[in-house]
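Letter by letter, the chains look like this.
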Amino acid sequence: MAKRSPIYSIQASIGATMTQWEGWELPQSFSTVDEEYEAATSAVGLADRSHVGRLRLIGKDALDLLNRLSTNKLESLEP
């Protein structure tokens, strides 16, 4: 069985056509190419790259490093 990303149910609920890629079930499309281009250039586009991998940092300076690499304030986020 293919793995599913944490946002799979959201993608499926809004009508994504799914396909399998490298052992993952990922969205292939949401609408027509023209409609997706318009959405990505005038609003927002999302690319699910769950199949690429995960980042795991451990140690006392892990949170500090993530804060420096990111524009977010990660210390205030829940795990």
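Model, not experiment: these values are computed from the prediction.

Draft legend 1. Region of interest: the overall build of the protein. Each helix and strand counted, the protein has three helices and three strands in total. The C-alpha radius of gyration of the protein comes to 16 Å, more than 25% above the 12 Å expected for a compact globule of 79 residues. Taken along its principal axes, the extent of the C-alpha atoms in the protein is 45 × 35 × 20 Å. Long-range pairs, those at least 24 residues apart, make up 22% of the contacts in the protein between residues at least 6 apart in sequence. Here the protein has roughly 6,800 Å² of accessible surface; of this, 55% comes from carbon and sulfur atoms. Between the centroid of the 8 positive side chains of the protein and the centroid of its 11 negative side chains there is a distance of 12 Å.

Draft legend 2. Representation of the pattern of salt bridges. Inspection of the entire model under this criterion finds two salt bridges. Note that Glu25 is salt-bridged to Arg4, the shortest N-O span being 3.1 Å. Of this pair, Glu25 sits in strand S3 (residues 24–29) while Arg4 sits in strand S1 (residues 3–4), placing them 21 residues apart in sequence. Taking the relative accessible area as the measure of exposure, Arg4 reaches 42% and is therefore partly exposed.

Draft legend 3. Seen up close, unusual backbone geometry. Phi angles above zero are rare outside glycine, and Glu22 is one such case at about 50°. As for its placement among the helices and strands, Glu22 is situated in the loop between strand S2 (17–21) and S3. Overall, Glu22 belongs to the exposed group, its relative accessible area being 58%.

Draft legend 4. Region of the structure containing the pairing of S3. The pairing of S1 with S3 spans two bridges and is parallel. The residue bridging Lys3 from the neighbouring strand is Trp24, located in S3. Counting the residues between successive antiparallel strands, the hairpin from S2 to S3 contains two residues, one of them, Glu22, with a positive phi of roughly 50°.

Draft legend 5. Fine view of the pairing of S2. Both S2 and S3 contribute to a ladder of five bridges, which runs antiparallel. Note that in S3 the partner of Met18 across the bridge is Pro27.

Draft legend 6. Geometry of the layout of surface pockets. As a volume, the largest pocket reaches approximately 510 Å³. Lining the largest pocket we find 23 residues, and of these Pro27, Phe30, Glu36, Leu46 and Ala47 sit closest to its centre. Going through the elements one at a time, helix H1 (8–13), S2, S3 and helix H2 (33–42) are the ones with two or more residues in the lining of the largest pocket. A total of five residues in the lining of the largest pocket trace back to one element, the largest contributor, which is H2. The residue makeup of the lining of the largest pocket, split by class, is 13 nonpolar, seven polar and three charged.

Draft legend 7. Broad picture of the sheet that holds S2. Pairing in this open sheet of three strands is mixed, and the strands run S1-S3-S2 from one edge to the other. The open sheet is flanked by S1 and S2, the only strands paired with a single partner.

Cut-off values and rules
- All chains use their own residue numbering, which begins from 1 and follows the written sequence.
- Totals for whole chains, interfaces and linings use all residues, but because this is a predicted model, local features are given only for residues with pLDDT of at least 70 and pairs of side-chain atoms are given and counted only at 80 or more.
- Here the side-chain values reflect all heavy atoms present in the structure, with hydrogen atoms and water set aside.
- Comment: elements are numbered from the N terminus, with helices defined as DSSP H or I runs of at least four residues and strands as E runs of at least two.
- C-alpha atoms define the radius of gyration, and 2.2 Å times the number of residues to the power 0.38 defines the globule rule.
- The contact definition used throughout considers only heavy atoms, calling two residues in contact when any of these lie within 4.5 Å.
- All accessibility values rest on the Shrake-Rupley procedure with a 1.4 Å probe; residue burial counts only the protein chains present in the view.
- When charges are counted, Lys and Arg contribute as positive and Asp and Glu as negative, whereas His and the chain ends are disregarded.
- Think of each charge as sitting on NZ of Lys, CZ of Arg, CG of Asp or CD of Glu.
- Counted as salt bridges are all cases of a side-chain nitrogen of Lys or Arg within 4 Å of a carboxyl oxygen of Asp or Glu.
- A simple rule labels every residue: compare its accessible area, found with a 1.4 Å probe on the protein chains alone, to the largest value its type can have, and call it buried under 20%, exposed over 50%, or partly exposed in between.
- Two strands form a pair only when DSSP identifies at least two bridges running between them.
- A cavity here means a set of points on a 1 Å grid, drawn over the protein atoms and nothing else, where a 1.4 Å probe fits but cannot get out; a pocket is an open set with protein on both sides within 12 Å along at least five of seven lines, and a residue lines either one if it has an atom within 4 Å of a point.
- Grid points are joined across faces, edges and corners, and a volume is the space filled by probe spheres set on the points.
- Side-chain classes are defined by residue name, with Ala, Val, Leu, Ile, Met, Phe, Trp, Tyr, Cys and Pro counting as nonpolar, Asp, Glu, Lys and Arg as charged, and the others, Gly among them, as polar.

That is the geometry; function is a separate question.
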